[in-house]
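Spelled out from the first residue to the last, the chains are:
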Amino acid sequence: MDSGGDIVKAHGLVAGAAGLARRLGAAVLDLLYPPVCLHCGAAIAEADALCAGCFAQLRPITAPLCPRLGIPFEVPLGPDAVSAEAIADPPPFDRARSAVAYNEVARKLVSRLKYGDRPELARFCGRLMAAAGHEFWESEPILVPVPLHRYRQFERRYNQSTELARALAKLTGLGVDPLLVSRVKRTKQQVGLTAEQRQRNVAGAFSARTDAATRLQGRGVVIVDDVITTGSTVKAVTRALEKAGVRQIDVISFARVVIGHGLS
Ligand SMILES: [Zn+2]
């Protein structure tokens, strides 16, 4: 019995040593690459994305907001009031929500996300998105990242929307289906295009699996994107899902362009 105890103790020692080595490893990494703020480069204590000063520059989008488009209202307009934009051009999806307005700090985070060099960044954005989309999670929808075309995915080996969806899935306990929608047309980058050009650029760019409704087993979908500019991309993904018979479709993004909260 004594020897059994020794084995247990020895195991404990090994596990303890491994834990210590991991902690030392993390400490050594911190010495070599001390965590820095992604926006200003200031040293930060914990491996997070931003220092307190830059975090304070993010503009979270909170109520009152348009229940359809998720754009903030200057003043509360009542529980059922929708924005003039949503009335003039009703979106095909049910609701959209975004964590922050697209400003200089958000722009930097979105551009760093594309390269995936800081894995904690998707977790950071995911936390803010989980809060922004809190009305969505109870019905247990499936998270569907906006796909890249397979050539671009191959070049970059990384899809920032998929990483955001995975981070959100960990926080909400929901499932991710990165194969439900694919990008069937290689589109130009949307940057620098007008709203109308953007819409034309992504028209017919996406296709949902014909068995999408079966795959979802009655659940809805939340499309996940990094940034919403005019909404033409998420609208095109919504139309592809609708074509495949999906009914409940919401949208979540980390950032969105809000008039009056822009880059200055
Ligand atoms: Zn900073």
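Residues numbered from 1 in each chain as written. Predicted model: local features only at pLDDT ≥ 70, side-chain atom pairs only at ≥ 80, totals over all residues. Heavy atoms only, no water.

What to know about the packing of aromatic side chains
Remark: the centre distance and the inter-plane angle together describe each pair of aromatic rings, the angle taken between the planes.
Consideration 1: Taken as a whole and assessed by the stated rule, the structure comprises 2 aromatic pairs.
Consideration 2: Ring centres 5.8 Å apart and planes at 85 degrees place the aromatic pair Phe-136 and Trp-137 in the edge-to-face group.
Consideration 3: We classify Phe-136 as buried; its relative accessible area is 1%.
Consideration 4: Judged by relative accessible area, which is 12%, Trp-137 ranks as buried. (Phe/Tyr/Trp six-rings, centres within 6.5 Å; stacked < 30°, edge-to-face > 60°. Buried < 20%, exposed > 50% of the residue type's maximum accessible area, 1.4 Å probe, protein only.)

Comments concerning the coordination of the zinc ion
Consideration 1: In the first shell of the zinc ion, the protein supplies Cys-37 (SG), Cys-40 (SG), Cys-51 (SG) and Cys-54 (SG), at 2.3 to 2.4 Å from the metal.
Consideration 2: Coordination at the zinc ion is tetrahedral: its 4 donor atoms span angles of 104 to 115 degrees at the metal.
Consideration 3: All donors of the zinc ion come from a single chain, and their spacing in sequence reads C-x2-C-x10-C-x2-C.
Consideration 4: The class of Cys-37 is buried, set by a relative accessible area of 3%. (Donors = N, O, S within 2.8 Å, 3.2 Å for Na, K, Ca; no water. Tetrahedral: all angles 85-135°; square planar, octahedral: opposite > 155°, others 65-115°.)

Some remarks on the packing of helix H4 (residues 104-113) against helix H5 (residues 119-132)
Consideration 1: In contact at an axis separation of 10 Å, H4 and H5 are set at 130 degrees when each is read in the N-to-C sense. It follows that H4 is oblique to H5 by the angle criterion. Crossing hand, H4 versus H5: left-handed. On the side of H4, the interface is formed by Leu-109, Arg-112 and Leu-113, while H5 contributes Leu-121, Ala-122, Phe-124 and Cys-125.
Consideration 2: Tallied by class, the residues present in the contact of H4 with H5 amount to 6 nonpolar, no polar and 1 charged. (Axes fitted to C-alpha atoms, helices over the stretch in contact; angles between N-to-C directions. Helix = DSSP H or I, 4+ residues; strand = E, 2+ residues; numbered from the N terminus. Parallel < 35°, antiparallel > 145°, perpendicular 65-115°, else oblique. Left-handed = near helix turned anticlockwise from the far one by under 90°. Contact = heavy atoms within 4.5 Å. Nonpolar A, V, L, I, M, F, W, Y, C, P; charged D, E, K, R; others polar.)

Let's talk about the nonpolar core
Consideration 1: Counting residues in each nonpolar core, the largest one holds 38 residues, and the members touching the most others are Leu-50, Met-129, Leu-143 and Phe-254.
Consideration 2: Of all the elements in the fold, those that place two or more residues in this core are strand E1 (95-101), H4, H5, helix H7 (160-172), strand E5 (221-228) and strand E6 (249-256).
Consideration 3: Top element by residues in this core is H5. It accounts for 7 residues.
Consideration 4: The contacts of Leu-50, once residues within four sequence positions are left out, are Cys-37, Leu-38, His-39, Ile-44, Phe-55, Leu-58, Val-105, Leu-109 and Phe-124. (Core = buried A, V, L, I, M, F, W, Y, C linked by side-chain atoms within 4.5 Å.)

Considerations on the sheet that holds E6
Consideration 1: The parallel open sheet is built from 4 strands, whose spatial order is E1-E6-E5-E2. On the outer flanks of this sheet lie E1 and strand E2 (142-145), each paired with one strand and no other. Within the sheet, the average angular offset between the axes of one strand and its neighbour, ignoring direction, is 25 degrees.
Consideration 2: Inspection of the sheet shows E1 paired to E6 by 6 bridges, in the parallel sense. (Pairing = 2+ DSSP bridges.)

Observations concerning the confidence of the model for the chain
Consideration 1: For the chain, mean pLDDT is 86; residues scoring 70 or higher make up 84% of the total.
Consideration 2: Here residues 1-10 scores under 50 on pLDDT; set against residues more than four positions off or in separate chains, the count is 0 contacts. (pLDDT = per-residue confidence, 0-100.)

Observations concerning the pairing of E6
Consideration 1: Counting buried residues along E6, 8 of its 8 residues qualify, which places the element largely inside the surrounding structure.
Consideration 2: Across 7 bridges, the pairing between E5 and E6 is parallel. Among the inter-strand pairings, Val-224 is bridged to a residue of E6, identified as Ile-252.
Consideration 3: You can see the chain leave E5, run along helix H10 (residues 232-243) and come back into E6, and the turn it takes is right-handed. (Right-handed = clockwise from strand over helix to strand, strands pointing away.)

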